[in-house]
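Each chain, written out:
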Amino acid sequence: MATSDKGAVVEEIKQRFENSNAAVVTAYTGLTVAQLKELRRSLGENAQYRVTKNTLTKIAANEAGVSGLDEFFKGSTAVAFVTGDPVNVAKGLRDFSKENPALVIKGGVLDGKALNAAEIVKLADLEPREVLLAKLAGGMKASMAKAAATFEAPLTKFVRTADALRNKVEQGGAGAPAAAESAE
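Residues numbered from 1 in each chain as written. Predicted model: local features only at pLDDT ≥ 70, side-chain atom pairs only at ≥ 80, totals over all residues. Heavy atoms only, no water.

Draft legend 1. Spatial organisation of the pattern of salt bridges. For the coordinates displayed, the defined rule picks out seven salt bridges. For Glu-119, the salt bridge goes to Lys-113, with nearest N and O atoms at 3.8 Å. Among the charged side chains, a network of salt bridges with common partners joins Glu-12, Arg-16 and Arg-50. (Salt bridge = Lys/Arg side-chain N within 4 Å of Asp/Glu carboxyl O.)

Draft legend 2. The packing of aromatic side chains, seen in detail. Enumeration according to the criterion identifies one aromatic pair in this entry. Residues Phe-17 and Phe-81 carry aromatic rings whose centres are separated by 5.0 Å and whose planes lie at 85 degrees to one another, so their mutual orientation is edge-to-face. Within this pair, whereas Phe-17 is found in helix α1 (residues 3–19), its partner Phe-81 is found in strand β3 (residues 77–82), the two being separated by 64 residues in sequence. Considered together, Phe-17 and Phe-81 belong to a single accessibility category, that of buried residues. (Phe/Tyr/Trp six-rings, centres within 6.5 Å; stacked < 30°, edge-to-face > 60°. Helix = DSSP H or I, 4+ residues; strand = E, 2+ residues; numbered from the N terminus. Buried < 20%, exposed > 50% of the residue type's maximum accessible area, 1.4 Å probe, protein only.)

Draft legend 3. How the structure looks around the confidence of the model for the protein chain. Per-residue pLDDT for the protein chain has a mean of 84; in total, 92% of the residues score no lower than 70. In the predicted structure, residues 178–184 sits below a pLDDT of 50 and forms one contact with residues beyond four places in sequence or in another chain. (pLDDT = per-residue confidence, 0-100. Contact = heavy atoms within 4.5 Å.)

Draft legend 4. Main features of unusual backbone geometry. With a phi angle near 50 degrees, Asp-111 is a residue other than glycine that sits in the positive phi range. By the secondary structure assignment, Asp-111 is in the loop between β4 (104–110) and β5 (113–116).

Draft legend 5. Representation of the side chain of Lys-106. Turning to its location among the elements, Lys-106 is positioned in strand β4. Glu-71 provides the closest opposite charge to the buried, salt-bridge-free Lys-106, at an N-O distance of 10 Å. Within polar-contact distance, the side chain of Lys-106 engages the backbone oxygen of Ser-76 at 3.2 Å. There is a polar contact of 3.2 Å between the side chain of Lys-106 and the side chain of Thr-77. (Lys, Arg positive; Asp, Glu negative; His and termini not counted. Polar contact = N/O pair within 3.5 Å; in protein donor to acceptor, adjacent residues only side chain to side chain.)

Draft legend 6. Quick peek at the pairing of β5. Bridge count between β4 and β5: four bridges; the pairing is antiparallel. Across the sheet, the residue bridging to Val-109 is Ala-114, located in β5. Two successive antiparallel strands, β4 and β5, enclose a turn made up of two residues, where Asp-111 displays a positive phi of approximately 50 degrees. (Pairing = 2+ DSSP bridges.)

Draft legend 7. Region of interest: helix α6 (residues 129–170). Taking 1.5 Å per residue, 42 residues should reach 62 Å; α6 reaches 60 Å between its end C-alpha atoms and fits that length. The axis of α6 is deflected most strongly, by about 35 degrees, at Glu-152, and proline Pro-154 appears within four residues downstream. One or two residues past the end of α6 sits Gly-172, with phi positive at roughly 80 degrees. (Expected span 1.5 Å × (residues − 1). Bend = angle between axes of the 7 residues up to and from the residue.)

Draft legend 8. Inspection of helix α5 (residues 117–125) at higher detail. Restricting attention to buried positions, one finds in α5 the residues Ile-120, Leu-123 and Ala-124. Projected onto a plane normal to the axis of α5, the buried residues spread over an arc of 100 degrees and lie on a single side. Opposite the buried face of α5, by more than 90 degrees, sit the exposed residues Lys-122 and Asp-125. Those residues of α5 that are buried are in contact with β1 (22–27), α4 (86–99), β4 and β5. The backbone nitrogen of Ala-118 lies 3.1 Å from a side-chain oxygen of the residue at the head of α5, namely Asn-116. (Arc of directions from axis to C-beta.)

Draft legend 9. Examining the environment of Val-159 more closely. Relative to the helices and strands, Val-159 resides in helix α6. With relative accessibility at 48%, the residue Val-159 sits in the partly exposed group. The sequence separation of Val-159 and Lys-58 amounts to 101 residues, and the corresponding C-alpha distance is 73 Å.

The structure is reproduced here in structure tokens:
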């Protein structure tokens, strides 16, 4: 590969690192072209899976300000550059590696923090962002409903007590107004 071509590749990979909110480094030795195609399809539009040269990727990552990945750039290397939900991509890679043991997750980076393979698997075990947000919203709604019920309870109790007292007076029960009338 000519030096000018290498510079262009480094610049392209650098741009991918800068435009991604996460990247997962994998080893792919033993996967067929058809399996790689299937993997790319399974990751969807949230990630671009690219086979890379270790030296050029290491240079691009350092130029992009991504640190902690150098140890993963050994052997066959491919990087999934994530632009969407990193949880979905981590799940896709984890599930694919279960079916195809030739795919090995080496590690990655999420929002500038280096992650090892075990942390990527933990990330894959999380629920999707939308589910977590829905649970948070449900919890907040429940808290607000509980607060509203707490504020409403004394007023409701007062109204019920006043209504019971009114009913008692209307039925001629003993009470302060009846006692006042009999004194006259």
